[in-house]
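# Structural features, examined
Okay, here's what each chain looks like letter by letter:
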Amino acid sequence: MNDAVVPCYWPGHRVLGKLSPWFVGLVSLTVASPAMGQASQNWVTPCLETLQQQTTLSVPPGELSRPVTRGELAGMVNPIRFPRRPAEEGLPYLNEGNGIEVETVNPDQYLSRGQLWQMLTEELGYQAARPARETLNQYYRDGILVGDDGALEAIAAAAERGLVVNPSGSDWLYPHRLATRADVVASLCQVLALDQPEFMGLIPSQFVAPIEVPELRGVWLTNVDSEVLFSSQNLREGFERLHRLNFNTVYPVVWNWGYTLYPSQVAEPVIGRAVDPEPGLQGRDMLAEAIAYGQEYNLRVIPWFEFGFQTPSYSELARRNPEWLTQRSDGTQTIMEGEHERVWLNPFHPEVQEFILDLVLEVVENYDVDGIQFDDHLGLPVEFGYDAYTVELYRREHDGNDPPEDFNDPDWVRWRADKITEFVGRTFEAVKAVKPDVVISVSPNPQHFAYARYLQNWQRWQELGYIEELVLQVYRSDIEVFIGELNRPEVAAARRQIPVGIAVLAGLRNRPTEMPLIEEKVRTIRNQGFAGMSFFFYQSLWDWSEESPVQREAGLAEFFREAIAPPDVIDD
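## Some words on the overall build of the protein
Within the protein, the secondary structure is distributed over 20 helices and 18 strands. Counting across all 572 residues of the protein, residues that qualify as buried make up 57%. Excluding contacts between residues fewer than 6 apart, the proportion of contacts in the protein whose partners are at least 24 apart in sequence is 76%. As presented, the protein carries roughly 23500 Å² of accessible surface, and 49% of it is formed by carbon and sulfur atoms.

## Regarding the state of the cysteines
A complete count under the given rule lists one disulfide for this structure. Disulfide partner of C47: C189, at an S-S distance of 1.9 Å. Here the S-S torsion is close to 110 degrees, and the disulfide linking C47 with C189 is therefore right-handed. Pair noted here: C47 is in helix α2 (residues 45-54) and C189 is in helix α7 (residues 181-193), with a separation of 142 residues, a long-range link.

## Some details on the environment of P347
Inspection of the secondary structure puts P347 in the loop between β11 (340-344) and α12 (350-366). C-alpha of P347 to C-alpha of Q310: the two residues are 37 residues apart in sequence and 9.7 Å apart in space. Those residues in contact with P347, other than ones at most four positions away along the chain, are F309, Q353, G379, L380 and I420.

## Concerning the packing of aromatic side chains
Under the criterion given, the structure shown has 29 aromatic pairs. Cluster of aromatic residues (ring-pair linked, three or more members): W220, Y251, W304, Y475, F536, F537 and W544. In this arrangement the basic side chain of R161 is found over the ring face of Y126, its NZ or CZ atom lying 4.5 Å from the centre.

## With respect to the sheet that holds β11
In space, the three strands of this open sheet follow the order β9-β11-β10, with antiparallel pairing throughout. The strands lining the two open edges of the sheet, one partner per strand, are β9 (310-312) and β10 (335-337). On average, each strand axis in the sheet is tilted by 45 degrees relative to the strand beside it, whichever way the strands run. The pairing of β9 with β11 spans three bridges and is antiparallel. Across the sheet, the residue bridging to T311 is V343, located in β11.

## Brief notes about the sheet that holds strand β18 (residues 532-536)
Ordered by their spatial adjacency, nine strands build an open sheet running β7-β4-β3-β18-β15-β14-β13-β12-β8, and the pairing between neighbours is parallel. A strand with exactly one partner marks an edge of an open sheet, and here the two such strands are β7 (300-301) and β8 (304-305). Direction of pairing for strand β14 (residues 469-473) relative to strand β15 (residues 500-505): parallel, over a ladder of four bridges. By the bridge assignment for β15, Q473 is matched with A503. Where helix α19 (residues 515-527) meets the sheet, its contacts fall on β3 (216-221), β15 and β18, and the angle it forms with β18 comes to roughly 155 degrees.

## Considering the side chain of S540
Tracing the sequence through the fold places S540 in the loop between β18 and α20 (549-559). Within the structure, the side chain of S540 is placed 3.5 Å from the backbone oxygen of F536, a separation counted as a polar contact. Residues in contact with S540, not counting those within four places in the same chain, are A506, G507, L508 and R552.

## Examining the nonpolar core
Generally speaking, nonpolar side chains in soluble globular proteins are found buried as a group. Formed by 121 residues in total, the largest nonpolar core has its most connected members in L221, F239, F247 and F535. The element contributing the most residues to this core is helix α14 (residues 410-434), with ten residues. Once you skip the residues sitting within four places of it in the chain, F535 turns out to touch G218, V219, W220, F247, V504, A506, I518, V522, L541, L556 and F560. Counting 56 residues, the second largest nonpolar core, distinct from the first, contains A158, L192, V208 and I211.

## Digging into the environment of L455
On the secondary structure map, L455 appears in the loop between α15 (447-454) and α16 (458-463). Beyond its immediate stretch of four places on either side in the chain, L455 contacts L380, P381, V382, V413, R416, A417, I420 and A450.

## Points about unusual backbone geometry
Look at the link from F536 to F537: it is a cis peptide, with omega at 5 degrees. Here F537 lies in the loop between β18 and α20. For N298, which is not glycine, the phi torsion reads 60 degrees and is therefore positive. By the secondary structure assignment, N298 is in the loop between α10 (286-297) and β7. On the basis of relative accessibility, which here comes to 64%, the residue N298 falls in the exposed class.

## Focus on the pairing of strand β4 (residues 249-252)
Both faces of β4 are covered, namely the face carrying T249 and Y251 and the face carrying V250 and P252. Where β3 lies against β4, four bridges are found, and the strand directions are parallel. What sits directly across from L221, in β4, is P252. Handedness of the crossover joining β3 and β4 through helix α8 (residues 232-244) is recorded here as right-handed.

## So, helix α3 (residues 70-77)
Burial analysis of α3 places six of its eight residues in the buried class, which makes it a mostly covered element. Those residues of α3 lying buried are R70, E72, L73, A74, M76 and V77.

## Focus on the confidence of the model for the protein
Parts of the model with low pLDDT should not have their predicted coordinates read in detail. Mean pLDDT over the protein works out to 89, with 89% of the residues at or above the 70 mark. Here residues 1-39 is modelled with pLDDT under 50, and outside its nearest four sequence neighbours on either side it reaches 62 contacts, counting other chains as well. Note on residues 85-99: pLDDT under 50 across the span, and 37 contacts to partners over four residues away in sequence or across chains.

Reading the values: rules and limits
Residues numbered from 1 in each chain as written. Predicted model: local features only at pLDDT ≥ 70, side-chain atom pairs only at ≥ 80, totals over all residues. Heavy atoms only, no water. Helix = DSSP H or I, 4+ residues; strand = E, 2+ residues; numbered from the N terminus. Buried < 20%, exposed > 50% of the residue type's maximum accessible area, 1.4 Å probe, protein only. Contact = heavy atoms within 4.5 Å. Areas by Shrake-Rupley, 256 points an atom, 1.4 Å probe, with all protein chains shown as cover. Disulfide = S-S within 2.5 Å. Phe/Tyr/Trp six-rings, centres within 6.5 Å; stacked < 30°, edge-to-face > 60°. Lys NZ or Arg CZ within 6 Å of the ring centre and 35° of its normal. Pairing = 2+ DSSP bridges. Axes fitted to C-alpha atoms, helices over the stretch in contact; angles between N-to-C directions. Polar contact = N/O pair within 3.5 Å; in protein donor to acceptor, adjacent residues only side chain to side chain. Core = buried A, V, L, I, M, F, W, Y, C linked by side-chain atoms within 4.5 Å. Right-handed = clockwise from strand over helix to strand, strands pointing away. pLDDT = per-residue confidence, 0-100.

This is the structure:
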């Protein structure tokens, strides 16, 4: 083998420099340590035996304590099948029998434990969900030994997934010790245990630091194509079911189709009804029930104002308040969404703003909610904004000039988007003045679409501190497009400030989504270290698929094997 003091190469031919004399001394102590002897490797035997039964891996038990070289690692890892991970330049897919194609440059080069974890983490596409330095310092006595470079994030990601195994003390990393074959075998079993039941529990839990990674596990409860909200019994059964499957957050709709779904003193004089006329909502307070069930079953309840500034063209809200509606430059007001004709309330009109804000404050003041949520309808289609009120407002702020005829004019787009941002800020401040701990959650489309099509500049909202939880709608069936949206720079920037979860389409009545695609999205979300996921929507979690409800529920149970808290979105 090569002398220890040689250039140290990583995947992709990245040269990190020579090993220091201090490290060489540490290596020599590690190799000679009795703790690394054969007697200490019995703990990994069940893992090794299962690997050798399930794969072509072959490691004689007597060689488990031997340090591993890059070439030997490649021979151990490459034949193993792993779940698919995102495609990156120069890296293969991990599917249909393909393994990690470990580089074999300098095949005789020994690897440290830290290098082993970094290599596996980078090749599998894992990213840390928690702040990396905080994780390593909190759970490991020697976490400080990991430098603030690429290794920091990679090793934290490995630790979160249980790849860091240490039978001599789970609170020690020993990142600079030479990696042994036992280390490789243990890490491989831990990777496979994330998805394959036969590998679960093979590594004793006391050898792995109990790192808690909160995760959003949410679902939207709707009043469309779903009966869950329309009786107290249905609602209770729904909460019990979600609790049993280890969900932790529900977003029940409270503002939809021009009505509130709770008895509203704000809505009644404006709409003529205090609650949606659906028979199943009469004589009860659905939101109060949801909050009670949420507290009973330990689920966050965040009411969802789905329609935002939108309403059906035939709604009492539109009929009674025609001056509240906005229009295109040709005077038309309606827009088709599927089979439904919609109109938009003017988000720049002070009476519209007061009405929406009063609905929000009514919920926050009168109910013990964990938050409130808006989605992609807290905006305006880009072709709208040519109503008399908005035109006059624009003139007052532009020396009497009319808005541009081109609704995509950048300045005209920005002016309208900024006005909506101002309203979001006003809403944020008003809610926080009433209940500071109520979370402001937004579930928009990707920024490039939300801004260009709906004047919704959520990136700016986040930068200004108006969003405390972002649940990005990425309803793409093409997994590569899905991954591309997750990797946009504005998403990365938001993740550095607030919890960012991903909305996953569980299906629609006329657009079922099968479990393999849902599973792939969940795995991708976790591998990339996002704050979690929320499913749209409750009914489609079980129905309309070729899979039976029992099969669908079993799949969800596999996603969420243990109960876990959602991310703490309030900065104490």
